[in-house]
Structure formats: C-alpha cells, structure tokens
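Residue-level structural notes
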Amino acid sequence: MRASSAVLELAAQGRAIEGKMMNRTQLADVIVARLEAEQDALRNAWQSSGGVSHFTVDDLLPEEIAQRIRAAFPSGESMKIKRSLRELKFIAAQMNEYDPLLEEAIYAFQDPRIVEVVGRITGLKSLEPDEQLYAGGISMMVKGHFLNPHVDNSHDKQRERYRVLNLLYYVSPGWKRENGGNLELWPDGPTGEQVTVESRFNRLAVMVTNKSSWHSVSQVLVDSRRCCVSNYYFSQASPEGEDYFHVTSFRGRPEQKLRDLVLRADISLRMGLRKLFPKGVAENKHFYNKK
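Residues numbered from 1 in each chain as written. Predicted model: local features only at pLDDT ≥ 70, side-chain atom pairs only at ≥ 80, totals over all residues. Heavy atoms only, no water.

Let's shift gears to the packing of aromatic side chains. With the rule as written, the count across this model stands at four aromatic pairs. Ring plane angle 45 degrees and centroid distance 6.5 Å describe the contact between Tyr107 and Tyr288, whose orientation is recorded as tilted. With Tyr107 in helix 5 (residues 100-108) and Tyr288 in the segment after helix 7 (257-276), this pair connects stretches of sequence that are 181 residues apart. Looking at Tyr107, the relative accessible area reads 6%, which means it is buried. Above the plane of the ring of Phe287 lies Lys157, whose end atom (NZ or CZ) is 4.6 Å from the centre. Lying across the ring of Trp214, Arg251 places its NZ or CZ 6.0 Å from the centre. (Phe/Tyr/Trp six-rings, centres within 6.5 Å; stacked < 30°, edge-to-face > 60°. Helix = DSSP H or I, 4+ residues; strand = E, 2+ residues; numbered from the N terminus. Buried < 20%, exposed > 50% of the residue type's maximum accessible area, 1.4 Å probe, protein only. Lys NZ or Arg CZ within 6 Å of the ring centre and 35° of its normal.)

Take a look at the structure:
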C-alpha cells in the first residue's frame, strides 16, 4: 500500500529531527500514524492475500530516516554468517554492538500502539513483541545469498508462546525486483507457485507465520547489500486454533530435487530430537543478551 499525500505529509514531520537520531518512540509515532490511517485498506489486503496472509506498506518512514537506518548497518564481517543448504545470510541480534539507531529502529516496532493496530489489521489476538529478539534483529544478504523455502519454528525461545507474525522492514535504496533477494510466499507449499513480494526500499512487509506459511528469499543476483530490520510477534493463542509444534523446516525449491530429499531428512531428524529434548539439544544463541 502506498501512502496518501496527507499521510506522507504527516510522516515528513520526522524531518524536524534531521541531523539528530530519532528514538524508538519518535519512529513509532510515524509508523503508527501510517498504519492507523490505512488500516482499512491493509485489513482488506491481509484478508484477500490468501494462503500466506500478508500486507505491505511502502514509504513507511521519511526517506532520509530510512537512508540513515541503512547507513547504520554494519559490514558483514562484524555479523554472524549462517551458511548451509538451508540458507546463506548475515544476521545480528546483539544490538549494543552496533549503531544505536538500529536498536531504536527495531524496538520502534515493539511499541504497544503498533502491536495493537497490527492486531486490529490482522485479527490476531494477544500479540506480544519479543524484547530478546529471538531470531529477530538485523539481517544482510549479498550476492549469492539466499533463504530456501521454509516454515519458521512454531514457538519462542522458551517454547511458551506461538510465533504468529513476521515484520520485515527493508532499507536498501534503489532495490529492484531483478536484483533478487525478494521475499517469496508459497501458498500451496514449496512445490507450488510462489508469490513474490519485492524487498523494496522503505517497505514494511507483515506476514503470518504458522504451520503452513512457507516462505523464502530468492538468491541475490547483484553486487549490492539487501538489508532488513526484523521483528517477530508471539501469542499465547495458537494461530491455528489448536496446539501444534514444529522446528524451523526447510525444503528444496521445485528444481532442487536432491537438496529437497536432504532437507526432508533434516526435518525428520530435528523433529525426532525435539521429542526427546523439548527445549532443544543446544541453546539458540541468536537473541539479544542485555546482561
């Protein structure tokens, strides 16, 4: 959804703080105004998207603020790299090691006002942001990086709440569809047709995450950096209306027959281990340790 001129004018009030770092409350002020102004259209987009419910908001923040968030991203050398048949990307969650603006941008999306209006748009109940940034934070992908089709793990770090929403804010100026690195949704599963959601600059993409929300990121094809600010919302209530549990489950793309067999076996092995060790064999260290 693109902003109306009135909403863009309201968002442009952020320019009054040009040259200074906007804090999370100031950023949230602009974001919540955008969401509230367009909530009817966004609700319609969510309800009509089918399969993997989602909506997008373009030109979310004043452009100069979005540019400053992108400029605050670290180099890949200071981030953790995830490299396997499943994925290849840089990630970081220990936000006190990076430019403070990145932490402010992440936690702006955890403002209670934004959580509340997103709940109204999606119809999901009892939404809770994740202060520990379990699997959230920032990510960066460069040429050759990818994320294979997968469904996210069903619960939080303590296996107490369901993971129900992904909020993905893209901040790579000039990013084009042909660059690759786009979000892909697979409403009929990883053997069906995907829906491409461009990782457009200054775009917020919000998508459901449940046991059938297959999604991926296409391989980056250019010598450029695809940067994303990520948040996940959780809930005590199951988005499916029934109890379930699964680990993050990756599959091969339709043309990746051998990889798909390997990744299917990987799912079976890790699910078997989780039956024996419900909290996992090793601690997931991707979270913000504020101690």
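For the structure on display, the rule yields 24 salt bridges. The partner of Glu131 in a salt bridge is Lys290, and the shortest N-O contact between them spans 3.3 Å. Taken together, the residues Glu131 in the loop between strand 4 (127-129) and strand 5 (137-141) and Lys290 in the segment after helix 7 connect sequence positions 159 residues apart. With a relative accessible area of 43%, Lys290 lands in the partly exposed category. Here Arg161 ties to Asp156 by a salt bridge, and the two come within 2.8 Å at their closest N and O atoms. Several salt bridges share partner residues, and in doing so they unite Asp58, Arg177, Glu198, Arg200 and Arg203 into one network. (Salt bridge = Lys/Arg side-chain N within 4 Å of Asp/Glu carboxyl O.)

Here we take up the side chain of Ser235. As for its placement among the helices and strands, Ser235 is situated in strand 12 (residues 226-235). Judged by its relative accessible area of 1%, Ser235 falls in the buried class. Polar side-chain contacts of Ser235 include one of 3.0 Å to the backbone nitrogen of Ala237. Once you skip the residues sitting within four places of it in the chain, Ser235 turns out to touch Lys125, Ser126, Arg161, Tyr162 and Val164. (Polar contact = N/O pair within 3.5 Å; in protein donor to acceptor, adjacent residues only side chain to side chain. Contact = heavy atoms within 4.5 Å.)

Turning our attention to unusual backbone geometry. We note that Asp59 has phi near 55 degrees; this positive angle belongs to a residue other than glycine. Looking at where Asp59 falls in the secondary structure, it is placed in the loop between strand 1 (54-57) and helix 4 (63-71). Phi angles above zero are rare outside glycine, and Ala135 is one such case at about 70 degrees. With respect to the helices and strands, the residue Ala135 is situated in the loop between strand 4 and strand 5.

Treat this as a map of the structure, not an account of what it does.
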